[in-house]
Amino acid sequence: MAIIVFGRDITLRPVDVFAIIAVGCALAGAFRRTRTRSKTTRLSGPARQSLLFGLLKVLHESKDAGALYEQWAQEYGPAYTLPTPLGGSSIVLSDPKAIAHFFARESTTYVVTPLGNIFLELMVGKGSLLGSRGDAHRRLRKALTPAFSISAIRKYTSVFYDSAYKAKAIWDSMIESNEDGTIIEVQQWMNHISLDTIGMTGSSHDFGTLDGKHADVAEVFDALTSHTPSALFALLLLLSPVFPSLMSVPTEEINLFQKMNVSMGEISDKLLARARKEKEEGISDIQEEKSIIGLLIKAEDTGSELHMSPEEVLAQTKVLLVAGYETTSISLTWALLELSRDQAAQGKLREELMQLGGGDPTWDQLTSGLPYLDGVAHEILRLHPAIEEITRIALEDDIVPLGESMKTSSGQSVDHLSIAKGSILTIPTHAVNRSDILWGSDAKAFKPERWFVENGIPEKAKEIQGHRHLLTFIDGPRTCLGKTFALVEFKAVLSVLIKNFSFELRDGPETKIGTARGVLPRPTVEGEDGCVLPLRVRRLD
């Protein structure tokens, strides 16, 4: 590339062009940061350990990033500054009142970052509910809400049980009469249950993975989960908050995300085409408001008040697959792991379920009649939220109230924070859910009883305004639409498995468990290839 400078031709190599662009971006970023810092409350925080990475490398390499966030909150207060790459910073909030304010304004003042939008487009394309904001978010949410009503989820409950009993029948044949049971890689089976369930409830489509059928979507999800990130991708990921376009570099990991998007697009196109044809021929109840894909088809009509473009319809279908597959399978896997570690808790849950006799829990029992099952479900959601942190960018200047006064970096006492437009804010959901300050000295323990004994939930934890004082389903206008769906599916499937089988860790209760990074974090046995959780499963009479 040749340019003319002071009348002279200068030839630039590609590396020179890249360096010029990088320097320009860095200078522009420095200018924005100077303005942001001048209008934002100066907070203390942990020291920068690297000019290049800030503290993000430390967090990415930590086995328990939530513990680091909590440690810093105890040292610097419920709001502090976290160093990010190339001189940047984010504000971390763990104060309940500040978090409530943040979530109340999450679709208007605090929105998905440019990096977050790139990831969403990689996975599900443009126009998704997850990436929308303001009026667009309200329109998309209103269009989908009827599919997750109580009456709709009641209708889905039989599908939850059908999937669980399919898995039970196959496990019965695997175990047969072996008194020592059989080693079963349960994570894969929870994936099959979740995918087949979301296919049937969302669009009456049976992926058939529980019957051994091949599903491209499942294959790509599994590839992302079992893949070990390369050093190049790890480097790009750490720098991407400053240079989001780095996520467009065609690494193997990015190619996998793109392949997942294409695969989900193909199956979504097929499901939507079939639904449109059935609607035209009048041979289905596709227009019923209890059908998720039916609502999407209905919203395609140009005369609809909640009209969606074809791109938006396709994006919501993909979100349905990602959310329905990933979150529930991860929660069920964590539940089997925690109950394998805690045999007493597994026994108490089984005893409660056995009191029902031979039948399965009814809707009323699933939602309010089984306190120990409810306690197990919410302990899993508390200890192992699928989304471990929420990061957003401020679209405008804001004042964030604090529940308690705190000291700024200069020693001044404040009861609110000034936030400048362009500031990055982070809510560490896993740290807040397990905070000793909020939940007490046993905050890290798996303790289902805390959810139904008197004073089991500390007063400080009750200051959190999310579902049951948790941030797992977020809060405010972006509260997870599918939270009741997810809870009922979780309880229905777990009740079938615990009534019929006992579970132990293959290598004993001291087995070391790590986290694998796929679309979302998953539990895995340390030292194993890929993302696996092999348990010894015994059949119960």
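An unreviewed UniProt entry annotates the chain as Cytochrome P450 of Hygrophoropsis aurantiaca.

(A) Fine view of the packing of helix α7 (residues 150–175) against helix α19 (residues 483–500). Across the interface, α7 lies against α19 with an axial gap of 9 Å and an inter-helix angle of 30°. As far as their axial angle goes, α19 and α7 are roughly parallel. You can see that α7 and α19 cross each other, and the crossing is right-handed. When α7 is examined against α19, the residues I150, I153, Y156, T157, F160, Y161, A164, Y165, K168 and W171 are found in contact with a partner set consisting of T484, F485, V488, E489, A492, V493, S495, V496, L497, K499 and N500. By residue class, the composition of the contact of α7 with α19 is 14 nonpolar, four polar and three charged.

(B) Quick peek at empty space enclosed by the protein. As enumerated under the stated definition, the model contains three cavities of 30 Å³ or more in all. Considering only enclosed or pocket space, the largest cavity measures out at about 40 Å³ in volume. What lines the largest cavity is simply I198, G199, G202, S203, L271, I293, T317, L320 and L321. Mapped by element, the contributors of at least two residues to the lining of the largest cavity are α8 (186–203) and α13 (310–341). Here the lining of the largest cavity gets four residues from one element, more than from any other, and that element is α8. For the lining of the largest cavity, the per-class residue count stands at five nonpolar, four polar and no charged.

(C) Structural view of the confidence of the model for the chain. When the pLDDT values of the chain are averaged, the result is 86; 90% of them are 70 or greater. A low-confidence stretch, residues 3–8 (pLDDT under 50), is modelled with six contacts involving residues beyond four sequence positions or located in other chains.

(D) Looking closely at unusual backbone geometry. With phi around 55°, L86 is a residue other than glycine that occupies positive phi space. As for its position among the elements, L86 is in the loop between β3 (79–83) and β4 (89–93). For L86, a relative accessible area of 27% translates into the label partly exposed. Residues other than glycine seldom take positive phi values, yet N455 does so here, at roughly 60°. The residue N455 is located in the loop between α18 (436–439) and α19 in this model.

(E) Spatial organisation of the pairing of strand β12 (residues 513–517). Pairing between β12 and strand β13 (residues 521–525): five bridges, direction antiparallel. Bridge pairing in β13 places A516 opposite R522. Where β12 hands over to β13, the hairpin turn is made up of three residues, counted between the paired strands.

(F) Quick peek at the sheet that holds strand β11 (residues 501–505). One open sheet accounts for three strands, arranged β6-β14-β11; its pairing is antiparallel. Single-partner strands in this sheet number two, and they are β6 (182–185) and β11. Going from strand to strand, the sheet's axes swing by 40° on average, the running direction of each strand aside. Note that β6 and strand β14 (residues 534–539) share four bridges and pair antiparallel. Considered in β14, the bridge of T182 is made with V537. Packing of α13 onto the sheet brings it into contact with β11 and β14, and relative to β11 it is tilted by some 80°.

(G) Spatial organisation of the nonpolar core. Membership of the largest hydrophobic core comes to 154 residues, with the highest contact counts inside it found for L93, W171 and L494. The dominant element in this core, judged by the number of residues it contributes, is α13, at 13 residues. Every residue in contact with W171, bar those within four places of it in the chain, is listed here: I184, V186, W189, M190, L497, F501, F503 and V537.

(H) Here's a closer look at the environment of Y110. For Y110, the position within the fold is in strand β5 (residues 110–112). On a C-alpha basis, the gap between Y110 and T391 in space is 9.0 Å, while along the polypeptide they are 281 residues apart. There is a polar contact of 2.6 Å between the side chain of Y110 and the side chain of D398.

(I) Layout of the pairing of β4. Burial within β4 is extensive, with four of its five residues counted as buried. Judged from the five bridges that link them, β3 and β4 form a sheet pairing that is antiparallel. Among the inter-strand pairings, A79 is bridged to a residue of β4, identified as L93. The hairpin turn running from β3 into β4, its antiparallel successor, is five residues long, and L86 in that turn takes a positive phi close to 55°.

(J) Fine view of the packing of helix α12 (residues 292–300) against α13. Contact geometry for α12 and α13: axes closest at 10 Å, N-to-C directions at 170°. Classified by the interaxial angle, the pair formed by α12 and α13 is roughly antiparallel. For the pair α12 and α13, the contacting residues are I292, L296 and E300 in the first and V313, Q316, T317 and L320 in the second. A per-class count over the contact of α12 with α13 returns four nonpolar, two polar and one charged.

(K) Molecular detail of a negative patch on the surface. A cluster of acidic residues, D216, E219, E266 and D269, forms a negative patch on the protein surface. Taken together, the elements giving at least two residues each to the negative patch come down to α9 (216–226) and α11 (252–281). Following the sequence through the fold, E266 ends up in helix α11.

(L) View of the packing of aromatic side chains. Taken as a whole, this structure holds 13 aromatic pairs when the rule is applied. For the ring pair F160 and F485, a centre distance of 5.2 Å and an interplane angle of 85° mean the geometry is edge-to-face. Taken together, the residues F160 in helix α7 and F485 in helix α19 connect sequence positions 325 residues apart. There is no split in this pair, since F160 and F485 are both buried. Taking the centre distance of 5.4 Å and the plane angle of 65° together, the rings of W171 and F501 count as edge-to-face. Here F501 lies in strand β11 and W171 lies in helix α7, a separation of 330 residues in the sequence. W171 gets classed as buried once you look at its relative accessible area, which sits at 0%. What links up through ring pairs into an aromatic cluster is the set F148, Y156, F160 and F485.

Cut-offs used in this document
- Residues numbered from 1 in each chain as written.
- Predicted model: local features only at pLDDT ≥ 70, side-chain atom pairs only at ≥ 80, totals over all residues.
- Heavy atoms only, no water.
- Axes fitted to C-alpha atoms, helices over the stretch in contact; angles between N-to-C directions.
- Helix = DSSP H or I, 4+ residues; strand = E, 2+ residues; numbered from the N terminus.
- Parallel < 35°, antiparallel > 145°, perpendicular 65-115°, else oblique.
- Left-handed = near helix turned anticlockwise from the far one by under 90°.
- Contact = heavy atoms within 4.5 Å.
- Nonpolar A, V, L, I, M, F, W, Y, C, P; charged D, E, K, R; others polar.
- 1 Å grid on protein atoms, 1.4 Å probe; cavity = no way out; pocket = protein on both sides within 12 Å on 5 of 7 lines; lining within 4 Å.
- Points joined across faces, edges and corners; volume = space filled by probe spheres on them.
- pLDDT = per-residue confidence, 0-100.
- Buried < 20%, exposed > 50% of the residue type's maximum accessible area, 1.4 Å probe, protein only.
- Pairing = 2+ DSSP bridges.
- Core = buried A, V, L, I, M, F, W, Y, C linked by side-chain atoms within 4.5 Å.
- Polar contact = N/O pair within 3.5 Å; in protein donor to acceptor, adjacent residues only side chain to side chain.
- Patch = residues over 30% accessible without salt bridge, like charges linked within 9 Å, V, L, I, M, F, W, Y side chains within 5 Å.
- Areas by Shrake-Rupley, 256 points an atom, 1.4 Å probe, with all protein chains shown as cover.
- Salt bridge = Lys/Arg side-chain N within 4 Å of Asp/Glu carboxyl O.
- Lys, Arg positive; Asp, Glu negative; His and termini not counted.
- Charge placed at Lys NZ, Arg CZ, Asp CG, Glu CD.
- Phe/Tyr/Trp six-rings, centres within 6.5 Å; stacked < 30°, edge-to-face > 60°.

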